[in-house]
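# Chains, contacts and geometry: an overview
These are the residues of each chain, in order.
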Amino acid sequence: MSPPPSNTSWIFFWTSGRQTTWTQLWGDTSGGRALGEGRNMYKCEKCKQKVPATKQYKIERPPMVLCIQLKRFNIMGGKNGRPVALAKTLNISNYVRWAPLQNIPVEYRLVSMINHVGPSPNCGHYTSIGEAANGTFYRFDDASVHPTSLQNALNTSAYVVFYEMLKTSKNLIIKPKLDATPKAAPKSTQIGQEKKMIGPQLPIKPSTSGQNLN
């Protein structure tokens, strides 16, 4: 059974300047990496021996809203403005631990992004692009709002991107919970059934039916 999704999660990608697609970013971040070589090999906690090992990142609870931040600023104050081709829809099933085993597609759609214009994080200007209810993307620049094409939105130097889980994936992951609350037993309507009394009882009053009163 798949775990319930979280509300919002952040994923950070470091853009080294050579990745140009989402697939390359995901592969560099979640792909298997060797844990040392030679004398620096990983020491197994079970056999206490140094063995070849790899580490790999997987998502356990895919979020309803996926927030991806591209680390475009370095510690020296520089900026990597290389465009990364975004995707209108994003399938991260291969990066969710249990999704391939259960054959559940974990898919998202692009809804908005934040862009930065300027040479460094110390100066510049922030803009954003978001999708309206009619499916049109708009560029927000302070008080200026103008429609923009999907192609322009997918090829900007965005550094924060927001994806929303598709309804089809949401329905497959969030399964209806069965009501585990036991139902109360129906009250008996049989006449003459004795009621179980708990604690001290008052003496039963003798019946006066059929007796002559003086």
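Before reading further, recall that the structure is shown in the block above.
Cut-off values and rules
- Residues numbered from 1 in each chain as written.
- Predicted model: local features only at pLDDT ≥ 70, side-chain atom pairs only at ≥ 80, totals over all residues.
- Heavy atoms only, no water.
- Helix = DSSP H or I, 4+ residues; strand = E, 2+ residues; numbered from the N terminus.
- Buried < 20%, exposed > 50% of the residue type's maximum accessible area, 1.4 Å probe, protein only.
- Polar contact = N/O pair within 3.5 Å; in protein donor to acceptor, adjacent residues only side chain to side chain.
- Contact = heavy atoms within 4.5 Å.
- Salt bridge = Lys/Arg side-chain N within 4 Å of Asp/Glu carboxyl O.

Considering the arrangement of structural elements, one finds Arg72 in the loop between strand E6 (65-71) and strand E7 (89-91). The buried category is assigned to Arg72, whose relative accessible area is 3%. Here the side chain of Arg72 touches Ala158 through a polar contact of 2.9 Å, landing on its backbone oxygen.

Take the side chain of His116 next. Inspection of the secondary structure puts His116 in strand E8 (residues 107-120). Side-chain polar atoms of His116 contact the backbone oxygen of Cys123, separated by 3.2 Å. Discounting chain neighbours no more than four positions away, the residues touching His116 are Phe73, Lys79, Cys123, Gly124, His125, Tyr126 and Tyr159.

Bringing the pattern of salt bridges into the picture now. As a working rule, side chains carrying opposite charge can pair if their charged atoms are close by. Under the counting rule described, the total for this entry stands at three salt bridges. The partner of Arg97 in a salt bridge is Glu60, with the nearest N and O atoms 2.6 Å apart. With Arg97 in the loop between E7 and helix H2 (99-102) and Glu60 in the loop between strand E5 (54-55) and E6, the pair connects residues that are 37 residues apart, well separated along the chain. Among the salt bridges present, the one from Glu131 reaches Arg109, with a minimum N-O distance of 2.7 Å. Here the residue Glu131 occupies a position in strand E9 (residues 123-131), and Arg109 occupies one in strand E8, the gap between them amounting to 22 residues. Judged by its relative accessible area of 25%, Glu131 is partly exposed. Judged by its relative accessible area of 28%, Arg109 is partly exposed. Sharing partners across several salt bridges, the network here consists of Arg109, Glu131 and Glu164.

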